[in-house]
Amino acid sequence: MATDHAGITPAPGALPIVGHLFPLLRDPLRFLNTLPSYGDLVQIRLGPQRAVVVCRPDLVQQVLLHDRTYDKGGPIIERIGNALGDGLASCPHSTHRRQRRSVQPAFSRTCLREYATIMTEQIDALTTSWSDGRTVDVAEQMYTLASNTIAQTLFTAEAAEPAVETVKECLPDIFRGIYQQAVLPPWLHRLPLPSNLRYERARNRAWAAVSKTISLYRQDGQTHGDVLSMLLKAHDDTGGALSDAEIHAQIMTLLVAGIESTAVAVTWAVHLLCQWPDVQERLRTETAEVLGTRTATWDDLPQLDLARRVITETLRLYPPGWILTRTTTTEARLADAVIPPETTLIYSPYLIHHDARFNPHPSSFDPDRWLPERQHVRGTFIPFGGGARKCIGDNYALTLATMALSTIVARWRLSHVDVQLPRIEPRVTLNPHKVQVRVDCLEPARD
Ligand code: HEM
């Protein structure tokens, strides 16, 4: 196989001008999974731009741990920055530690315990709204659950409700737009294509809704015991670690980073439980013992062992954040290659999780691979990234997902309506297009 500059093997099949655009839009997962067979570092083309895909777990760790050299950047991060402002997920290394210190307290264990009360209420409202024998669009229902829960965590004031509704409506177009623009050549972003216009409109509406909520909070001057109040108070009391624009960016980022990824994770978990009824029954034995038919709470979490393993295995098979980018700030040595400054690097949790060299039988759904006695190679499970830029909401997401899945299984028997597997839509998250599930009630009928 020929090698390009810096000794990195190019992936075959690049077309003039568009590069690997077609496989990246049509079937990106299959395309990604072919790459490790060409080398540990493989060059692909996004239009005229080159990018290096890092295909070995230890090299991905090197990239994640040295975030000054491998800084946030590259097309996906640039588009996230464009959509949300320079918040935690896209800001450069130079401002990251300060931003992270300001937001981290909102994700402490004490706060998480409080958020779990909101989670229990929302899970209860959703799972008691279903009726026996009904077909449920799981993706849509989990999106409602995650958006209501996360929005309430960020802003509890009633005045924020219209903004929450607007952001919920806009997010799908924002996600689709970020991915499409990241893989399309930049000159196409400016054309008045329907997809570009939809993205711009959604982004502007969400942006304005969050701005309005921040002004409302400032005007009423009260503390609402939520994340926005906390960020504003820190800003006002101390002269502010975060500027107003940064507070706006954090709220947009937490909404966007938190809602869809968590919703997608629980949706895939429900899909897998329908595909593997024996695991569903095992999980029901656990939930029957721990919950009966009541809604899960924070205190139940230590006993919901299998539920947690099902979520972990789901995140391995279908990591919502499946493709992420970095940019080298200086010349870097990775494996045997010398990588020039300003090179785009790609790491993909999906690719790493599905590499049979590190995960035996990577396509099979086996929650027991996460039993404590089973060994794993370091860096082969990275659904939340790693290093200083690791997901700030990982425990939030795991808590909500575990509680939601257990409660659903405790109350409802789940079965697929469609025999076909859900189509995967390549967005910023690994999105199942439609998961239609029949829910049959397990509770004795209430009079
Ligand atoms: C299952 C659910 C989730 C998954 C799979 C996930 C995945 C990820 C990944 C892979 C990253 C690292 C991105 C990179 O390396 O470029 C990340 C970062 C981040 N996530 Fe999550 N996430 C989830 C839920 C959440 C939630 C619930 C929130 C907040 C409410 C959140 C907020 C963030 C933020 C702010 C960052 C940037 C952190 C930083 O750079 O300091 N995520 N997430």
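Since we're looking at a predicted model, the values are computed, not measured.

Peer 1: Explain the overall build of the chain here, please?
Peer 2: In terms of helices and strands, the chain carries 15 helices and 13 strands. Taking 447 residues into account, the globule formula puts the C-alpha radius of gyration at 22 Å, and the chain, at 22 Å, falls close to it. A principal-axis box enclosing the C-alpha atoms of the chain has dimensions of 70 × 55 × 45 Å. In the chain, buried positions account for 56% of the 447 residues. Sequence separation of 24 or more characterises 74% of the internal contacts of the chain that already satisfy a separation of 6 or more. Accessible surface for the chain amounts to roughly 19100 Å². Of this, 53% is attributable to carbon and sulfur atoms. On the chain, the mean spot of the 46 positive side-chain charges and the mean spot of the 48 negative ones are 5 Å from each other.

Peer 1: I keep staring at the coordination of the iron atom of the ligand and nothing clicks. Help me out?
Peer 2: Six octahedral donors around a metal ideally subtend angles of 90 or 180 degrees, whereas four tetrahedral donors ideally subtend 109.5 degrees. In this structure, the iron atom of the ligand receives exactly one donor atom from the protein: Cys391 (SG), at 2.3 Å. With respect to the secondary-structure elements, Cys391 resides in the loop between helix H14 (349–353) and helix H15 (394–411).

Peer 1: Even after reading the chapter, I still don't get the site of the ligand, so can you show me in this structure?
Peer 2: Taken together, 27 residues lie near the ligand, and Lys72, His96, Arg326, Tyr347 and Cys391 sit nearest. Separating an oxygen atom of the ligand from a side-chain N or O atom of Lys72 is a distance of 2.7 Å. At 2.8 Å, a side-chain N or O of Arg100 approaches an oxygen atom of the ligand. Put simply, the ligand lies in the largest cavity. It is helix H11 (residues 244–275) that provides the largest number of residues to the shell around the ligand, a total of 6 residues. For the shell around the ligand, the residue count by class is 15 nonpolar, 7 polar and 5 charged.

Peer 1: Got a minute to help me understand the nonpolar core in this structure?
Peer 2: Nonpolar side chains in soluble globular proteins tend to be buried together. Ranked by internal contacts, the top residues of the largest apolar core, which has 142 residues, are Leu35 and Ile44. Among the elements that line this core, the one with the most residues is H11, at 17 residues.

Peer 1: I would appreciate a short explanation of empty space enclosed by the protein in the present structure.
Peer 2: If a probe the size of a water molecule is rolled over the atoms, the empty space left behind becomes visible. Counted by the stated rule, this structure contains 4 cavities of 30 Å³ or more. In this model, the largest cavity occupies a volume close to 930 Å³. As for the largest cavity, its lining consists of 45 residues, of which Ala89, Ala257, Gly258, Ser261 and Cys391 are closest to the centre. Going through the elements one at a time, helix H4 (75–84), helix H5 (93–103), helix H7 (138–154), helix H8 (161–183), H11, helix H13 (305–317), strand S6 (324–328) and H15 are the ones with two or more residues in the lining of the largest cavity.

Peer 1: What exactly am I supposed to notice about the packing of aromatic side chains here?
Peer 2: Two numbers describe a pair of aromatic rings. These are the distance of the centres and the angle of the planes. Going through the model one piece at a time under the given rule, you end up with 6 aromatic pairs. Arranged with centres 3.7 Å apart and planes meeting at 10°, the rings of Trp268 and Tyr318 form a pair that is stacked. Note that Trp268 is positioned in helix H11 and Tyr318 in the loop between H13 and S6, a separation of 50 residues in sequence. For Trp268, a relative accessible area of 1% corresponds to the buried category. Taking relative accessible area as the criterion, Tyr318 reaches 16% and is therefore assigned buried. An angle of 50° between the planes, with centres 6.1 Å apart, marks the rings of Trp276 and Phe365 as tilted. Taken as a pair, Trp276 in the loop between H11 and helix H12 (277–290) and Phe365 in the loop between H14 and H15 lie far apart in primary sequence, 89 residues in all. With a relative accessible area of 32%, Trp276 lands in the partly exposed category. The class for Phe365 is buried, based on a relative accessible area of 5%. In this structure, Arg203 packs its charged tip against the face of Trp207, placed 4.8 Å from the ring centre.

Peer 1: Is there a simple way to explain the sheet that holds strand S9 (residues 344–347) in this structure?
Peer 2: Pairing between the strands of a sheet comes from backbone hydrogen bonds, and it takes one of two forms, parallel or antiparallel. Read across the open sheet, the 6 strands follow the order S1-S2-S3-S9-S6-S4; overall the sheet is mixed. The open sheet has two edge strands with one neighbour each: strand S1 (9–10) and strand S4 (70–72). Two elements, strand S2 (residues 41–46) and strand S3 (residues 49–54), share 6 bridges in a ladder whose sense is antiparallel. Its bridge partner being in S3, Val42 is matched across the sheet by Val53.

Parameters at a glance
Residues numbered from 1 in each chain as written. Predicted model: local features only at pLDDT ≥ 70, side-chain atom pairs only at ≥ 80, totals over all residues. Heavy atoms only, no water. Helix = DSSP H or I, 4+ residues; strand = E, 2+ residues; numbered from the N terminus. Rg over C-alpha atoms; globule rule 2.2 N^0.38 Å. Buried < 20%, exposed > 50% of the residue type's maximum accessible area, 1.4 Å probe, protein only. Contact = heavy atoms within 4.5 Å. Areas by Shrake-Rupley, 256 points an atom, 1.4 Å probe, with all protein chains shown as cover. Lys, Arg positive; Asp, Glu negative; His and termini not counted. Charge placed at Lys NZ, Arg CZ, Asp CG, Glu CD. Donors = N, O, S within 2.8 Å, 3.2 Å for Na, K, Ca; no water. Near = heavy atom within 4 Å. Polar contact = N/O pair within 3.5 Å; in protein donor to acceptor, adjacent residues only side chain to side chain. 1 Å grid on protein atoms, 1.4 Å probe; cavity = no way out; pocket = protein on both sides within 12 Å on 5 of 7 lines; lining within 4 Å. Sits in = over half its atoms within 2 Å of the grid points. Nonpolar A, V, L, I, M, F, W, Y, C, P; charged D, E, K, R; others polar. Core = buried A, V, L, I, M, F, W, Y, C linked by side-chain atoms within 4.5 Å. Points joined across faces, edges and corners; volume = space filled by probe spheres on them. Phe/Tyr/Trp six-rings, centres within 6.5 Å; stacked < 30°, edge-to-face > 60°. Lys NZ or Arg CZ within 6 Å of the ring centre and 35° of its normal. Pairing = 2+ DSSP bridges.

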